[in-house]
Amino acid sequence: MVAQLSEVFLKDPQSFLQKIQDASLSNPGKPDLQGSLGIEEAVSDLFLNKDELEKIPNFASCNPNELRSGQLLRLQGMIQDTNFGHEFFAGAIKMNDQYWRGCRYILSCSEDESYVDENKMVLDERYSLFLTNIPGELKSNKVDSLDSEEENEPYKDLIMKYSNRTLGKEDFGFCVKCYGGMETRLRVCQAVDMLGMYEEPSEYSDGLPILHLITFEDFRQPSSITYPSEEEAEHLRSKLLTQFNKILGDNVASESLLLCLLSNVVHRADSFIVGSFNLNLTNCTPERASRIISLLKYLTKRTVVQKVDINELNREPLYPRSDGDTLSIGRLQLTPGTLLILDETELSSGTLNDTGVRNVAFLSFLLSQQEITFAYPFSSYNIQTDVRIIVLSHGKSILPVNAVYTSKFDEALMSSETSLSSDDLEGLSNYLNLWTRATDIPTDMLEFIQSNYVHSRRSGLQTNEKVLSIEINCSRLYAKSLASNLVSRQHFEQASSLVEQWTIP
Amino acid sequence: MSSSQQSSQGRGATTPKRANSSSREAMDSSPLFFPTSSPGLSQHTTPKTKTRTSLASSPLLFESSSPAPQAPHSSRSIPLSQHNDLFLAGSSQRTPKSSRRGDIHSTVQLKTPSRREVDPQKIGATTPSSLIFSGSDALTFSQAQPTSEANDDTVRVIWGTNVSIQESIASFQGFLRGFKKKYRPEYRNDFMPPPDAEQAVYIEALRNMRIIGLDILNLDVQDLKHYPPTKKLYNQLYSYPQEIIPIMDQTIKDVMLDLLGTNPPEDILNDIELRIYKIRPFNLERTINMRDLNPGDIDKLISIKGLVLRCTPVIPDMKQAFFRCSVCGHSVTVEIDRGRIAEPVKCPREICGATNSMQLIHNRSEFADKQVIKLQETPDIVPDGQTPHSVSLCVYDELVDSSKAGDRIEITGIFRCVPIRMNPRQRTIKSLFKTYVDVVHIKKQDRRRLGTDPSTLDNDLAEDTAAQIDDVRRITDEEVEKIKKVSERPDLYDLLPRSLAPSIYEMDDVKKGILLQLFGGTNKTFQKGASPRYRGDINILMCGDPSTSKSQILQYVHKIAPRGVYTSGKGSSAVGLTAYITRDQDTKQLVLESGALVLSDGGICCIDEFDKMTDATRSILHEVMEQQTVTVAKAGIITTLNARTSILASANPIGSKYNPEMPVTKNIDLPPTLLSRFDLVYLILDRVDETIDRKLANHIVSMYMEDTPQNATEHEVLSIEFLTSYITYARNCIHPIITEPASKELVNAYVDMRKLGEDVRASEKRVTATTRQLESMIRLSEAHAKMHLRETVEVEDVREATRLIKTAIKDYATDPATGKISLDLIYVNERETLVSEDMVRELSNLISTLTAGGKTFMVSQLLTRFREQSTAHVDASEFEASLAALEKRGQLKVVTSAGHRLVRPIAQVE
């Protein structure tokens, strides 16, 4: 039954959606246009059925010039702004004074429907979002034909209006229209996989292509993941550490880096962020940093590298900001799950201007609170995020990190041969997907950690609240790196010995 | 708004009147449209309408539609009649300056409102139950029969609504005359002395308006609702504002004239008749979040709150166009109808009749002020994970420029929607509608930021009247009930601190102090006296070991405090804190940008790493913390900005770890002048204590245990939202006054505190408390009373305030050497007070043995002997300080003789 439904849906989406709407409006009274009118429910299982989903063209892999209004389209991107317009439109019309006809998703209509008396029309509302590329995600090799540029020519001036909302010239911008309160479930900066109806750009849309959103899925992970088993994890872990050693020349540094790559925000207790772990690797030169960056970029798909030096900081705001009319994207408007590498190796003394000071404040806030600040006139908004952050610097970083470690870059351990086979690469990037996994501390560990803490305090060791919470957090991450669900005493001890090597600022 | 200027069919779903949506070549001057009064433009295209056409809006037709201007002037008993005639007669002759209000685009009050023409075919079909005016012979305002309704058996209503003009007028008149203060719901249960209770609020307001020469009446809609006869009117006002508001405007004038009595002076009469009175309704039952505005709200009266992002310059909005025939010179005026002006295609003079000869004469046309404001959601109402939404507001007439960018306002207005894409090929079904709000009332939420130009008297007075009405109103809300309930709980003083930053372990007294800071004392202004203002803001400094959650507390406070600003001392410069002058990107003009302290005016400024600030930056804080202003003199801009902010600062001790052997001033590297400006200084020390350590470890581990975030505290905790609204409510609504017993207690506590440091044996008296401490006590007691939602400061408030100060003082002003509390440790003359009492005593003993019998002794030798005697190293400066102390006590005298300094004992009288 489901298969049949989706078949009909894929074949002629407009009439399929029309039928669902008409069914829900069958009541003769004035229609109530609240909610999804049953549309989302009808197609919601589509995301579960991978085969069916494959049949729908994906924007990432198709030629945009071949798309036609009214066809289904899948689109992955980041929500740049949830306030891209609010409009009323004719949501339902009365046909022949007899029955109501739903007009959502109906892009074409026959002549007799065209001019309708206004009292035979019920207004509905929809919100628009602006969708653009997921920052840091590798762009797929799209077939870029020269025609596309010419095709877009008539709207080039119009579309210029929105150039502040996209980062690069080649980045796409989509206007996504949400019906029936769907927009309340979407968040700004979220990466989403959308399924909707495509509408070609026109002068009314200011040259932007439109997607009429039908249903969506969170796109935190590239695809559904199968976590490695504990045995596999142990194997992959040592493999990965060998790779890290080749560029870091230091076992502790490699282990620290691995823990950082596996961190995620578990929850927030007011201003206390539980779970995130930002690492500062010092003693890096630009060359060493670039080797680390290229390896990490290779391993994690969504990686953003930001240089932190006087010029870069002073150049332009890294944070999203609004002038009151339009919200401009910032280079660090990131989706949750991104790996952010801050390269401080070229930082030297100099003067920060206004933008620079604000950028540093933004970065500090991102590191300490895991929140992205949106600057609006007279106010600012913070959007909670979950990014993994590594700071590479020569000396101790200027930013508030959780732990600092001076990597030795021991030539004996290092190797210039770092290439990986594609199988290995796949295995390792899949292994790094463990970062999303939950790890719990069993209650019997509580007593152990308590006595451990009390003991070390009494014996006069330099420990405090801050060190303790880093120890606990790292024991979680350590357990995670072994694909274990629960933290054991051994994990805690291993983590503690790592923490001892770090400087906790 | 440009796209919305074509607007003949904006009423959307609620007015099924317009059968025709053809667009026309007409002069658009506004996105607004008239109510359902006339079929307007459709006359050319549809034969359905009756003879009366859109030209009806021209004054030329007044002659026929309004009754004869010769209606008797004397019959004052019929208030509806004369002034209207007078007015209409007048307006057709002279330039009808400001003859209508800008926000309501209705013809109701000036024209014959009864001229509601209806498509005859539709009567019965769509509104079979209501009888409708038809034709121009229906009753008008000008008709001298207020009882016409009774004569007719029919109920006449404005088309498409249930509004009967006569009934509405009568009802509103009754309200204006009959509404008394005692009807307000908040007084219902209270006793009120008769003169006050019987005060006819609106009659009084009308009298004041006439005396002051104001033409705005702020109408509290809740009054309308709670006056039983006008309950229907209240509902109609909500549903059909653009019909009801003009009726109300007209009624004001009627009542105004009526109030003049039987034989009013001619000039006053004329004055009133020429004025356009405007009603400005406000205080709707609920304010809608702007993202909740939906199609159902179109053309309804709504109220929204927000932050003004930008205001356009004043836009002249054409209200009446003046056309002259270029052939014969005949002139015609055309009024705006539904947002457009129908340009005459032909000279109306029969003899001339030239086509396309009419030219618009700009300087004889009439314009109204209009401004478009962009209003954005305030940060507190934006749902999590969404960017803020904004709406466009159109304001008219005297509301123009009454709010500035950055103001937080609450507006009452009519939600409008206009179709865009008005090209003829456009299909109705595909047209989109953009929305905006026509504003009828603006209320500034934050009166401290009131930004009106004092020269615009009208605005100020109008605002005053709004404010007066507002002042007597108590907020009635479910939440207030809950707040009051919580405030009565006996464990309130434990519950609130516990709810403040629950993730931070213990530190109850610090949390209590911060809580009182959030509530704040009462700001007072003195008419007499040197200092015009007495600050109610409480400043707190936390000083202590690293990693004792100081920064976390700061972050937390910054999040929940109204206008919290967080800054780090390390990265702050003086200008960053105060204000700086910068060149605006767009205009290239110099503008004054506010720094952290100015931005947190009325809130809390959290400064982390206070000790790492440069001295120059810190010196700025002297002014802020006592005078609560920031003075800027730079680049030709000399100004004093308000910075009425509380400061919550955190500092690390010198050498990053607190040395308990040294006094506070040696631990905190802050000048005493600044330190004394803090009401509370907390020392947060990292002490090794097994039980505390164990609990702390437990607390932290439990936070990391997934899916059990709530086990961080076992006790009941208030949600952060509730805590915030509790604080906001208390700050806004409670202004405690110190009672007689409390003031006595304050005096006693102050005297006691001063006595504390008194040591009968020591010849010098150490000061324990200063007047600054007394002021702190007052502020903290007020804040404590505020927290309990009490209007008076009681003895217990003072006791708690004293206790908090004492616990804070105990930690920070105890001389580690003597155990005595001394504020001298913080102020003045460090040289003397920082010497340990032991050293002075030892030195005194040594001197008395050496100089026994009145001998003198060389100072240099004395130092050598003293060093030999003591086990620890004696610093030369410490030695000098001890010597100075003894000299001050009168035990010895240092004299200089032949280049040597000698110590000479002074005989003690036993």
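This one's a predicted model, so the numbers in the text were calculated from it and none came from an experiment. (Residues numbered from 1 in each chain as written. Chains lettered and ligands numbered in written order. Predicted model: local features only at pLDDT ≥ 70, side-chain atom pairs only at ≥ 80, totals over all residues. Heavy atoms only, no water.)

A. Summary view of the packing of helix H7 (residues 230-248) of chain A against helix H8 (residues 251-261) of chain A. Residues and elements named next belong to chain A. Close contact between H7 and H8 brings their axes to 8 Å; oriented N to C, the two are set at 120 degrees. Classified by the angle between their axes, H7 and H8 sit oblique to one another. Like other packed secondary-structure pairs, H7 and H8 cross with a definite hand, here right-handed. Contacts between H7 and H8 involve Arg237, Leu240, Leu241, Phe244, Asn245 and Leu248 from the former and Asn251, Ala253, Ser254, Glu255, Leu257, Leu258 and Leu261 from the latter. Of the residues assigned to the contact of H7 with H8, the class counts are eight nonpolar, three polar and two charged. (Axes fitted to C-alpha atoms, helices over the stretch in contact; angles between N-to-C directions. Helix = DSSP H or I, 4+ residues; strand = E, 2+ residues; numbered from the N terminus. Parallel < 35°, antiparallel > 145°, perpendicular 65-115°, else oblique. Left-handed = near helix turned anticlockwise from the far one by under 90°. Contact = heavy atoms within 4.5 Å. Nonpolar A, V, L, I, M, F, W, Y, C, P; charged D, E, K, R; others polar.)

B. Quick peek at the packing of aromatic side chains. Evaluation of the coordinates by the stated rule reveals 22 aromatic pairs over all chains. Seen from their ring centres, Phe59 of chain A and Phe174 of chain A are 5.0 Å apart, and the 85 degrees between their planes marks the pair as edge-to-face. Placement of Phe59 of chain A in the loop between helix H4 (50-55) and strand S1 (72-81) and of Phe174 of chain A in strand S5 (residues 173-179) is noted, with a sequence separation of 115 residues between them. Take Phe59 of chain A and Phe174 of chain A: they sit in the same class, and that class is buried. Judged by centre distance (5.2 Å) and plane angle (40 degrees), the ring pair of Phe175 of chain B and Tyr202 of chain B falls under tilted. Separated by 27 residues along the polypeptide, Phe175 of chain B in helix H4 (residues 165-178) and Tyr202 of chain B in helix H6 (residues 201-212) bring together distant segments of the chain. Considered together, Phe175 of chain B and Tyr202 of chain B belong to a single accessibility category, that of buried residues. (Phe/Tyr/Trp six-rings, centres within 6.5 Å; stacked < 30°, edge-to-face > 60°. Buried < 20%, exposed > 50% of the residue type's maximum accessible area, 1.4 Å probe, protein only.)

C. Expanded view of the sheet that holds strand S23 (residues 680-684) of chain B. Residues and elements named next belong to chain B. Within the open sheet, the five strands sit side by side as S16-S19-S22-S15-S23. Their pairing is parallel. At either margin of the open sheet sits one strand with a lone partner, and together these are strand S16 (565-568) and S23. Each adjacent strand pair in this sheet contributes to an overall mean axis angle of 15 degrees, direction not counted. (Pairing = 2+ DSSP bridges.)

D. Spotlight on the pattern of salt bridges. Tallied over the entire structure, the rule returns 30 salt bridges over all chains. For Lys278 of chain B, the salt bridge is made with Asp397 of chain B, and the minimal N-O distance between the two is 3.4 Å. Placement of Lys278 of chain B in strand S3 (residues 278-282) and of Asp397 of chain B in the loop between strand S10 (390-396) and strand S11 (408-420) is noted, with a sequence separation of 119 residues between them. Across this residue pair, the class does not change: Lys278 of chain B and Asp397 of chain B are buried. Through salt bridges that share partners, Glu87, Arg126 and Lys177 of chain A together with Lys434 of chain B make up one connected network. (Salt bridge = Lys/Arg side-chain N within 4 Å of Asp/Glu carboxyl O.)

E. Summary view of the confidence of the model for chain B. Residue and element names in this part refer to chain B. Mean pLDDT over chain B stands at 68; residues scoring 70 or higher make up 63%. When mean pLDDT is compared element by element in chain B, S10 scores highest at 88, while helix H1 (residues 62-65) scores lowest at 35. Predicted confidence for residues 1-99 stays below pLDDT 50, and this span has 233 contacts to residues more than four positions away or in other chains. For the stretch residues 709-713, pLDDT sits under 50, and the model shows six contacts to residues farther than four places along the chain or on other chains. (pLDDT = per-residue confidence, 0-100.)

F. Highlighting the pairing of strand S4 (residues 301-311) of chain B. Residues and elements named next belong to chain B. For S4, a buried count of eight out of eleven residues is recorded, marking the element as mostly surrounded by other parts of the structure. One ladder, built from four bridges, connects S4 with strand S9 (residues 366-376); its direction is antiparallel. Residue pairing for S9: Leu307 is matched across the bridge by Gln376.

G. Seen up close, the sheet that holds strand S17 (residues 388-392) of chain A. Residue and element names in this part refer to chain A. If you walk across this open sheet you meet the five strands as S11-S14-S17-S10-S18, and the pairing is parallel. Because the sheet does not close on itself, it has two edges, and the strands there are strand S11 (303-307) and strand S18 (403-406). Between one strand axis and the next, the sheet turns through 20 degrees on average, direction left out of account. Here four bridges tie strand S10 (residues 279-282) to S18, and the two strands are oriented parallel to one another. Each residue of the ladder has a partner; that of Leu279, found in S18, is Ala403. Packed onto the sheet, helix H9 (residues 286-299) meets S11, strand S14 (339-343) and S17 and runs at close to 170 degrees relative to S14.

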